[in-house]
Every structure is written in C-alpha cells, then in structure tokens.
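Here's the letter readout for the chains.
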Amino acid sequence: MRRGQEGRVLDQAGCTIMHVDMDAFFVSVELRERPELKGRQVIVGFPEGRSVVLSASYEARALGVRSALPMATAMRMAPSAVVIEPRHGIYHEVSTQVMALFNSITDKVEPLSVDEAFLDISGALRRLGEPLHIGAMVRRQVESQLGITASVGIAASKFVAKIASTRCKPNGMLLIEKDRTVEYLHTLPVQALWGVGAKTLEALQRLGIFTVADVAATPVAVLKKTLGAGGVALHNLAWGIDPRPVAPVRVEKSIGAEETFAVDTFDDDVLTKELLRLSHRVAGRLREAGLAGRTLALKIKYADFSAVSRSKAMPAGIDSAGQIYAGATELLRALGTRPQSVRLVGVRVESLEPASSAPLQLALDPREDNGRSAEMVGDAIAAKFGAAGIVPARLLKTVRTNLDQNSRETF
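What you are looking at is a predicted structure, and each value in this text was computed from that prediction instead of being measured.

A word on the pattern of salt bridges. Applying the stated criterion across every chain, the model contains 18 salt bridges. A salt bridge links lysine 273 to aspartate 269; the shortest N-O distance between them is 3.7 Å. A residue pair is termed a helical-turn pair when its members lie 3 or 4 positions apart in one helix, as lysine 273 and aspartate 269 do in helix α13 (residues 268-289) at four residues. On the accessibility criterion, aspartate 269 (37% relative accessible area) is partly exposed. A salt bridge links lysine 312 to glutamate 330; its shortest N-O distance comes to 2.9 Å. Here lysine 312 is found in strand β11 (residues 307-318), whereas its partner glutamate 330 is found in helix α14 (residues 321-334), with 18 residues between them in sequence.

One can find threonine 187 in the loop between α8 (181-185) and α9 (198-206). Residue threonine 187 is classed as exposed on the basis of its relative accessible area, which comes to 57%. Spatially, the C-alpha atoms of threonine 187 and valine 212 are 7.1 Å apart, while their sequence positions differ by 25 residues. Of note is the side chain of threonine 187, whose polar atom sits 2.6 Å from the backbone oxygen of tyrosine 184.

Summarising burial for helix α7 (residues 158-167): eight of the ten residues are buried, a large majority. Here α7 has its buried residues at Lys158, Phe159, Val160, Ala161, Lys162, Ile163, Ala164 and Ser165.

As a further point, take the packing of helix α4 (residues 88-105) against helix α6 (residues 131-146). The relative placement of two packed helices comes down to the angle between their axes together with the axis-to-axis distance. Two elements in contact, α4 and α6, have axes whose closest approach is 11 Å; the angle formed by their N-to-C orientations is 145 degrees. The hand of the α4/α6 crossing is right-handed. Across the interface between the two elements, Gln97, Val98, Leu101, Phe102 and Ile105 from α4 touch Ile134, Met137, Val138, Gln141, Val142, Gln145 and Leu146 from α6.

Once that is clear, we can look at the packing of helix α11 (residues 220-227) against helix α12 (residues 229-238). Where α11 contacts α12, the axes come no closer than 6 Å and their chain directions differ by 135 degrees. On the basis of the axis angle, α11 is oblique to α12. The way α11 lies across α12 gives a crossing that is right-handed. Listed contacts from α12 to Val220, Leu223, Lys224 and Leu227 of α11 are Ala229, Gly230, Gly231, Val232, Leu234 and His235.

Glancing now at the sheet that holds strand β3 (residues 55-56). Overall, mixed pairing links the three strands, which are arranged β3-β2-β4 in an open sheet. The open sheet is flanked by β3 and β4 (82-84), the only strands paired with a single partner. Inspection of the sheet shows strand β2 (residues 42-44) paired to β3 by two bridges, in the antiparallel sense. Residue pairing for β3: isoleucine 43 is matched across the bridge by alanine 56.

Moving on, we get to the sheet that holds strand β8 (residues 173-175). On the basis of which strands lie adjacent, the open sheet formed by five strands has the order β5-β6-β1-β7-β8 and mixed pairing. Of all strands in the sheet, those with a lone pairing partner are β5 (109-113) and β8, marking the two edges. Across the sheet, the axes of successive neighbouring strands diverge by a mean angle of 15 degrees, strand direction being ignored. Here α4 sits on the sheet and contacts β1 (17-22), β5 and β6 (116-120); the angle it forms with β6, its principal contact strand, is near 5 degrees. Along the sheet, α7 makes contact with β1, β5, β6, β7 (150-155) and β8, crossing β7 at roughly 145 degrees.

On to α9, then. All of the buried residues in α9 are Leu201, Ala203 and Leu204. Projected down its long axis, α9 carries its buried residues within an arc of 165 degrees, all on one side. In α9, those exposed residues whose orientation departs by more than 90 degrees from the buried face are Ala198, Lys199 and Arg206. The inward-facing, buried residues of α9 contact α11 and α12. At the exit of α9 stands glycine 208, carrying a positive phi of roughly 80 degrees.

Here we take up the pairing of β11. Bridge count between strand β10 (residues 291-302) and β11: eight bridges; the pairing is antiparallel. Residue pairing across strands places leucine 296 opposite lysine 312, the latter belonging to β11. Taking the residues between adjacent antiparallel strands as the criterion, β10 and β11 are bridged by four residues, where phenylalanine 305 takes a positive phi near 75 degrees.

In this model, the protein chain carries an average pLDDT of 86, and 83% of its residues clear a pLDDT of 70 or more. Counted against residues more than four places away or in other chains, residues 362-370, with its pLDDT under 50, gives one contact. In this model residues 398-411 is a low-confidence stretch, pLDDT under 50, and it forms 50 contacts with partners more than four residues away in sequence or in other chains.

Cut-offs and rules
Residues numbered from 1 in each chain as written. Predicted model: local features only at pLDDT ≥ 70, side-chain atom pairs only at ≥ 80, totals over all residues. Heavy atoms only, no water. Salt bridge = Lys/Arg side-chain N within 4 Å of Asp/Glu carboxyl O. Helix = DSSP H or I, 4+ residues; strand = E, 2+ residues; numbered from the N terminus. Buried < 20%, exposed > 50% of the residue type's maximum accessible area, 1.4 Å probe, protein only. Polar contact = N/O pair within 3.5 Å; in protein donor to acceptor, adjacent residues only side chain to side chain. Axes fitted to C-alpha atoms, helices over the stretch in contact; angles between N-to-C directions. Left-handed = near helix turned anticlockwise from the far one by under 90°. Contact = heavy atoms within 4.5 Å. Parallel < 35°, antiparallel > 145°, perpendicular 65-115°, else oblique. Pairing = 2+ DSSP bridges. Arc of directions from axis to C-beta. pLDDT = per-residue confidence, 0-100.

Given below as structure tokens:
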C-alpha cells in the first residue's frame, strides 16, 4: 500500500508507463571514481575554447549552470566549480548497462538518449508487482549495480510520466494517478508542456496564457491560429491526452558528428583532418548499429554563424570512414572559395538501412577494400581494449579541438 503526500492511498491502476532518467548522468559517472567531489560544484566539459557544459552537478545547477551553456559563462557563474573533461567511452559503457537493466524489467523499452528511457511495464506487473514497487526496484538496482542514481516518473501516458520524473529530481519517484492527471497538470506552468520553448512561450503569454490550465481553457481554434498544428497538440497535452505507445524499436534516420573549432579557420588542411576524424567517428557508429547509408551530407558553419549544407547520393550503402571521407572532401571542394573562416564542420550519413541488406559497391581492385577491412579490425581491437589509442596516422599530431555537443549526444 502506497500513500501520496497528503496521506491518501494512491490508486496505481492504469499507471503502466514509466520514465526513468539518470541524475546528472556524466557527473554521476565521474563521481564514482572521485567520491571526494560529492556535494561540490562539478561540471563535465572541456575547460577551454568554445566548449559547452555537458553535465553539471545539482550544486552547480543551483547557481544557474546547465547543459549546453558555454563553459566560459558557466565558469563565471560557478568560479569554484571543479571541471572534469568528458570520457565518452565510459559514459557509453554505463549507458549500455542502464539499458540492459531496463530490458531485464520489460521488453518494451524506448531509449530517448544515453541516460533516459520510457518503459511500458504493463506486462511486468504480474511478475514484479505494482508500478511503485517496480519503480523502487529500478532505482535500487541502478544505484547498487551502477553506482549512480535515477529519478522515476510513473503515469498513464508518456508525456505525464516524463513530467513526473522531472518534478521529482534528483533521486526521487513520483506516480501521477490516472484519474487525477488533469487535476495535476492544471497546477503547472505552461512551460511544463512539450513544445513550449521561448518563442512559443512568448506567443502564449501575449494571449494571457501562463499555465497549463489556461491552455486547456483556450479554444482550440485560437491556439491553432497562433501556433498552427502545434496548437492542437498543445491543447491535447493540457488535457492529458497522449495516446502514443512506448516504441521499443526506434529506426535511426541518420548518424552524424560535428565539431566546433576553438579558432575559426580558413586552412584546408585543418578542415580535411577534422573531416577524417569525424568520418571515422560516424563510420564506427554505423558499423556498431549494423547500418549503412545511401546519402552523405556535409555541414559548414561560418564565423557569422550562417550555415550551408551539401549532400550527395552514394552508389551503394556506405559504412566505412574511407568512403565517408572521400565523399565529404568532394563536397567540400565543390563549395569552392569560402567567403569566411569556418567555425564548425559536420558529416552525416542518411537514408539508413541494415548493412546486411544494403547493396555494396564491388571493387575490381581488392586493395580498394583494404581500408574498410582495417577499420573492422580496429572495431574488434577497440571492443576488447578500448578505442583511445586507435586513430588514423594522419591524426596522430592533431591538436584536440573542443566538442560542440550537449549531454543528450547519441552514441
């Protein structure tokens, strides 16, 4: 028997959607090895250049530090914070363990990022007990097995479960009863609704809409006129309407990587070296996912933040760094003389399909496939010993630049 904050017995019927979110994931993983930093302001990110905050402890968040905030700004806000450079290999490893734990609970798991997922536990109730019991079990196992903490939201829909996990952070659990969903939602500010960013918030406030209850009370026609189709979706959410099921299989539409340089550059050698590094990163992710792509895209962002992108169809599915790099440099050359220095470069492979069924480009000269074969050997070595020391020879003397990414990067 579980009771709510007001001492009333909670009705758990119909609350079979769970949202589990790790607390300050990157920071929590780092503190496992540096427990002396617990309770202090800690930031994960590169300390120099244009890098951004990837994760911040709740002590740092209390000062306004948040993910994706420029590191320079974060350090002004929390000058005494300890800065730890990210180790994505470790985060990926722990993320894999987190998802394996979720899959031991139910086969209906929908990952949202490396550190959060939706779980449909309807099929686990008879085996494991009531929703709150399962939520408590998940939290215990995350802490005992992985040494980090998680917050769990439980509700009758994905949207409300996500709200619940957000409202009980850090290291908490909240169940929102199905029959009291609307009542609960109408106590929240309008920013709690999915899709309400800065511009939408400004548009709603001009209409005198400040709470979820205000949205619910506004005619759909008014919301639609102001926000388009998004107004209808917003109205539905304000009434707790979210019929989307947990989708265990999420098909990747594209896989890519990008880098922001510490200093803007005109140098072709710098650009092509970075394209080579990104090509290897993307190719590794493609092969790990068992995917190949039929379209290659290049992205360039200039010093004034204007961006251009170019893409090309490939004659067959690609999953090797050599193929990606050759296509990316061809697209770069096709841009011609660049009007400004380059701030960011990115590579993306699209039109993905399973590598096992993708048509492959056959080569008359077997030596043309040597690069892909070497990459696959590198995959096997990295899987056994770690990827830190495996880089193309051309990149051995490359000075590391700062990653322009946030904490929700997909590995």
